[in-house]
Amino acid sequence: MKTILKTNLTVKDITDGFVYNEYEGKGLFGWSGRLTIQPEYQRNYIYADGKKDVAVIDSILKGYPLGLLYFVKVGEDKYEVLDGQQRITSFGRFITNKFAIKDDNGMEQYFDGLDNEIQDKIYNTPLTIYICEGEEPEIKKWFEIINIAGVPLKNQELLNSIYSGKFVTLAREEFSNPQNAYIQKWSAYIRGDVNRQDFLETALRWVSKDNIDNYMSKHRTDENINELKSYFNSVIDWISSVFVDVKPEMRGLDWGRLYETYHKNSYNPTDVSNKLSELYSDPFVKDTKGIFEYILGGCKDTKLLNIRLFDENVTRVKYEMQTKNAKEKEISNCPLCAIGDNNNKTRIWEFKEMDADHVTAWSKGGATDIDNCEMLCQTHNRAKGNR
Ligand SMILES: [Zn+2]
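From a predicted model like this one, the values you see are computed outputs, not experimental measurements.

Undergrad: So, the overall build of the protein chain: which residues are in play, and what are the values?
TA: Tallying secondary structure elements over the protein chain gives 17 helices and 11 strands in all. Taking 21 Å as the expected radius of gyration for a compact globule of 387 residues, we find that the protein chain reaches 31 Å, considerably beyond that expectation. Across its three principal directions, the C-alpha atoms of the protein chain cover 100 × 50 × 45 Å. Split into buried and exposed, the 387 residues of the protein chain put 46% on the buried side. Summarising the internal contacts of the protein chain: among those between residues at least 6 apart in sequence, 62% fall at separations of at least 24. Here the protein chain has roughly 20,200 Å² of accessible surface; of this, 47% comes from carbon and sulfur atoms. Averaging the coordinates of the 51 positive side-chain charges in the protein chain and doing the same for the 59 negative ones gives two points 4 Å apart.

Undergrad: Can you lay out the pattern of salt bridges for me, pointing to particular residues and giving the numbers?
TA: Taken as a whole, this structure holds 17 salt bridges when the rule is applied. One salt bridge in this structure joins R316 and E312, with 3.2 Å as the shortest N-O distance. Taken together, the residues span about one helical turn, with R316 and E312 both in helix 15 (residues 312–329) at a distance of 4 residues. Classification of E312 as partly exposed rests on a relative accessible area of 49%. Note that K324 and E328 form a salt bridge whose closest N and O atoms lie 3.7 Å from each other. One end of the pair is K324 and the other is E328, both in helix 15 and 4 residues apart, which spans about a single turn. Accessibility classification places K324 together with E328 in one group, the exposed group.

Undergrad: I'd like to hear about helix 10 (residues 212–219), residue by residue, with values.
TA: At 3.6 residues per turn, the α-helix brings residues three or four places apart onto the same side. Residues I212, Y215, M216 and H219 constitute the buried set of helix 10. Within helix 10, the buried residues cover an arc of 95° as seen down the axis, which keeps them to one side. The secondary structure elements touched by the buried residues of helix 10 are helix 6 (155–162), helix 7 (166–175), helix 9 (198–208) and helix 11 (226–242).

Undergrad: Residue-level account of the packing of helix 2 (residues 52–62) against helix 4 (residues 116–123), with values.
TA: Relative orientation of the contacting elements helix 2 and helix 4 amounts to 100°, with a least axis distance of 9 Å. Compared by their axis directions, helix 2 and helix 4 come out roughly perpendicular. Listed contacts from helix 4 to I57, I60 and L61 of helix 2 are I118, K121 and I122. Of the residues in the contact of helix 2 with helix 4, the class split is 5 nonpolar, no polar and 1 charged.

Undergrad: Mind laying out the packing of helix 7 against helix 9, listing which residues take part and the relevant values?
TA: A pair of packed helices is characterised by two quantities: the angle between their axes and the separation of those axes. One way to put it is that helix 7 packs onto helix 9 with a least axis distance of 9 Å and a crossing angle of 115°. Comparing the axis directions of helix 7 and helix 9 gives the class roughly perpendicular. In terms of crossing hand, the pair formed by helix 7 and helix 9 is right-handed. Contacts from F167, A171, R172 and F175 of helix 7 reach helix 9 at F199, L200, A203 and L204. In the contact of helix 7 with helix 9, the residues fall into 7 nonpolar, no polar and 1 charged.

Undergrad: Requested: an account of the coordination of the zinc ion, with residues and values cited.
TA: With distances of 2.0 to 2.3 Å, the protein atoms coordinating the zinc ion are C334 (SG), C337 (SG), C377 (SG) and H380 (ND1). Counting along the primary sequence, the residues that act as donors to the zinc ion give the motif C-x2-C-x39-C-x2-H. Note that C334 is positioned in the loop between helix 15 and helix 16 (335–338) and H380 in helix 17 (residues 378–384), a separation of 46 residues in sequence. Judged by its relative accessible area of 0%, C334 falls in the buried class.

Here is what the cut-offs are and how they apply
- Residues numbered from 1 in each chain as written.
- Predicted model: local features only at pLDDT ≥ 70, side-chain atom pairs only at ≥ 80, totals over all residues.
- Heavy atoms only, no water.
- Helix = DSSP H or I, 4+ residues; strand = E, 2+ residues; numbered from the N terminus.
- Rg over C-alpha atoms; globule rule 2.2 N^0.38 Å.
- Buried < 20%, exposed > 50% of the residue type's maximum accessible area, 1.4 Å probe, protein only.
- Contact = heavy atoms within 4.5 Å.
- Areas by Shrake-Rupley, 256 points an atom, 1.4 Å probe, with all protein chains shown as cover.
- Lys, Arg positive; Asp, Glu negative; His and termini not counted.
- Charge placed at Lys NZ, Arg CZ, Asp CG, Glu CD.
- Salt bridge = Lys/Arg side-chain N within 4 Å of Asp/Glu carboxyl O.
- Arc of directions from axis to C-beta.
- Axes fitted to C-alpha atoms, helices over the stretch in contact; angles between N-to-C directions.
- Parallel < 35°, antiparallel > 145°, perpendicular 65-115°, else oblique.
- Nonpolar A, V, L, I, M, F, W, Y, C, P; charged D, E, K, R; others polar.
- Left-handed = near helix turned anticlockwise from the far one by under 90°.
- Donors = N, O, S within 2.8 Å, 3.2 Å for Na, K, Ca; no water.

Read these as geometric descriptors, not functional statements.
Below is the structure:
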């Protein structure tokens, strides 16, 4: 791989012919048409927050270095930004009056309103640019390394760069586009930042059953994203038809796995909704996130709910009662051992060898109070399982 260091280009050179696409949130071209600022594998522009973009202009005005910019030579006098897209887009947007900075008097100033002297200072800021030329794998490798500094690329952003092409472009248009009107609906179930590819990653994880890399490699040259899109929509439609309520705990659940495991079962949304509010208001349910799978699985696996256990004072009292009674009858203080036929039949277990169990399982309406508490030896407690 060959690299050339260029120090004779300025902000004015690079922003000549700057085009920003408001709709896609991308800085597109610069350097008089030679430079693609946001190749399809790059992340969306994330500096437009009135802070990071303003900070870039402040740095220029104060004469601080902007850091290295990396371009890849992709053709005769044609380049793509490998690293520096956010900074270039920031000063490009400023020069095209897309945002304002505050002057010394706290007044908002757009580029056009600045004194010529200040405009020139910005225009004439020199940039330090590495241009690299080489085979794709080496450049990709390099890209990984340089992105360790600064805001590290997320895994999906890296995968987008490795598998860039038509498929990734279409997938990003659908799942990484903040203008997509469905984002809000999807946000009820998916956690993350659309700009940082979290929604795309989720969609790919679902369709690929957690094998994103492999899926992207296989579909890299596809001309459409039909499968990705329809699988994603099936999962979303399924969630919203089974669970008519939207709860904050639904965000970020492993819906892909839940869909695969349970979507062939039928559910009555009204029953589901009633069960959901019943469990939400049950003080013994400690894990509200687990409610969804608990219901999907037919309300059997109470481990998912992490049911609150008996207090120690209750279990101590119960232990003393059972033990006293057992000693009188010369049987084991574990009622299940007592009816067995091995040596434990008459064994008196110590407190620490026993666990509390619900006589009537919690899932069958049994309360977590002393009347429904029974001490069992640990072997029998585990065997009984269902709380
Ligand atoms: Zn026992």
